[in-house]
Amino acid sequence: MPLLEIKNFTFSYPQSPQPALKDINFSVAKGEFIGITGPTGAGKTTLACCLNGIIPHFQGGRLQGRIDLQRTSIFEHSTAQISRLVGSVFQDSEAQIISTEVEQELAFGPENLGFPPREIERRISEALELVGITELRNRPTINLSGGEKQRVAIAAALAMLPEILLLDEPTSELDPVGTEEIFQVLSHLNRAHGITILMIEQKTEQLAAYANRILVLNGGTVALEGEPWQVFARQNELEEIGVRIPQVTRLASMLGGHDKYSLPLTVEQCRIFVERMLRRQI
């Protein structure tokens, strides 16, 4: 049974002649790590807002179809109920973090939902440990680096014990080192703890390495869907849409000598691919 199921879903903003999302259909099983990518204006952030309750609770519009979470329409839930089911991490951690200390930031959500102090303490400690930032607990948030702030934002979402962790381009303002750290944290949460992750991201190298399924949005529709090797093998379609394929995949495609099943997606896979090509030529 899917954890999340979107059926024939269409959404239009007020006064907009064209829908932002058109006939979206896909499901999410518990424990998946799904990467969502696509060009600017494809509908990625609109989809995120539909999944975390911003639409329709704070942003109106015309809705058709269903979004079911645990077999119940997500639009029948209050924002408080949705926050227990879908934990959100946004692109700008500066805007998301509202407390002056890390511990206060993690306590904010559970406190507002009325959990007792002992439960709040347990959630804070577990979330900090899961994300690997226990040492930041008493640090002022203003003194944190960009990567540390995103980890705090992830921990604050986890403190709500959501069914799904939804992230909207959380690495867009991070350098390559910070980006890799965030992906490693998410991979650990997914593989070691079974946390379901939906991640909107433009950095296809990392999506190819860490996600187990990719959705490509274009013009408000799901243009491509599948495992990373299935999606990134369709280079011509992705270029037409405006989505970069991983650099190592492009290199291997230029070199030839592969089929879609052996097309490398990561640096390590590309190393093995090149070694095999060289051995065949010796």
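In this convention, every chain numbers its residues from 1, walking through the sequence in written order. For a predicted model such as this one, the threshold for reporting local features is a pLDDT of at least 70, and the threshold for listing and counting side-chain atom pairs is 80 or more; totals across whole chains, interfaces and linings nevertheless cover every residue. Values shown for side chains rest on all heavy atoms present in the structure; no hydrogens or waters enter the calculation.

Per an unreviewed UniProt entry, the protein goes by Energy-coupling factor transporter ATP-binding protein EcfA2 and derives from Pelotomaculum schinkii. UniProt positions are given in the numbering used here, feature names are shortened, and annotations may be inferred rather than shown by experiment. According to its UniProt record, the protein has this under Subcellular location (unreviewed entry): "Cell membrane".

### A few points about the overall build of the protein
Numbering of helices and strands starts at the N terminus; helices are DSSP runs of H or I of at least 4 residues and strands are runs of E of at least 2. Counting its regular elements, the protein contains 13 helices and 10 strands. Radius of gyration here is computed from C-alpha atoms only, and the compact-globule reference equals 2.2 Å multiplied by the residue count raised to the power 0.38. Its C-alpha atoms give the protein a radius of gyration of 20 Å, within 12% of the compact-globule value 19 Å for 282 residues. When the backbone C-alpha atoms are referred to their principal axes, the protein occupies close to 70 × 50 × 35 Å. Counting the 282 residues in the protein, one finds 50% classified as buried. Considering only contacts within the protein whose residues lie at least 6 apart along the sequence, 63% involve residues at least 24 apart. The Shrake-Rupley method, run with a 1.4 Å probe sphere, supplies the accessible areas, and residue values consider only the shown protein chains as cover. Carbon together with sulfur atoms contributes 50% to the accessible area of the protein, which is approximately 13,600 Å² in total. Each residue gets one of three labels from its accessible area relative to the maximum for its type: buried under 20%, exposed over 50%, partly exposed in between, using a 1.4 Å probe on protein chains only. Whether two residues touch is decided by their heavy atoms; if any such pair falls within 4.5 Å, the residues are in contact.

### A closer look at the state of the cysteines
In what follows, a disulfide is any cysteine sulfur pair within 2.5 Å. For the structure shown, the criterion picks out 0 disulfides. Take C49: it sits in no disulfide, and the sulfur closest to it among the cysteines is that of C50, at 7.1 Å.

### Overview of the sheet that holds strand β1 (residues 4–12)
When DSSP finds at least two bridges between two strands, those strands are taken to pair. Strand order across the open sheet formed by 4 strands is β2-β1-β4-β5, with antiparallel pairing between neighbours. Each edge of the sheet is formed by a strand with only one pairing partner; in this case those strands are β2 (21–28) and β5 (72–73). The pairing of strand β4 (residues 62–69) with β5 spans 2 bridges and is antiparallel. Paired with D68 across the strands is S73, a residue of β5. To get an axis, fit a line to the C-alpha atoms, keeping to the stretch in contact for a helix; angles then go from 0 to 180 degrees between the N-to-C directions. On the sheet, helix α1 (residues 44–51) packs against β1, β2 and β4 and is oriented at approximately 120° with respect to β1.

### Structural notes on helix α12 (residues 247–255)
Burial in α12 covers these residues: V248, T249 and A252. The buried residues of α12 occupy an angular sector of 100° when projected down its axis, which confines them to one face. Residues of α12 that are exposed and point over 90 degrees away from its buried face: Q247 and M254. G256, located one to two residues past α12, shows a positive phi value of around 75°. Throughout, the arc means that of the directions going from the helix axis to the C-beta atoms.

### Comments concerning the pairing of strand β3 (residues 33–37)
With respect to burial, β3 is a largely interior element, 5 of its 5 residues being buried. Side chains F33, G35 and T37 project from β3 onto one buried face, and the interleaved I34 and I36 project onto a second face that is buried too. Two strands pair when backbone bridges link them, and β3 and strand β8 (residues 196–200) are joined in this way by 4 bridges, in the parallel orientation. The residue of β8 that forms the bridge with I36 is I200. In this structure, β3 lies alongside strand β9 (residues 213–218), joined through 4 bridges in parallel fashion. From the neighbouring strand, I36 faces β9, where its bridge partner is L215.

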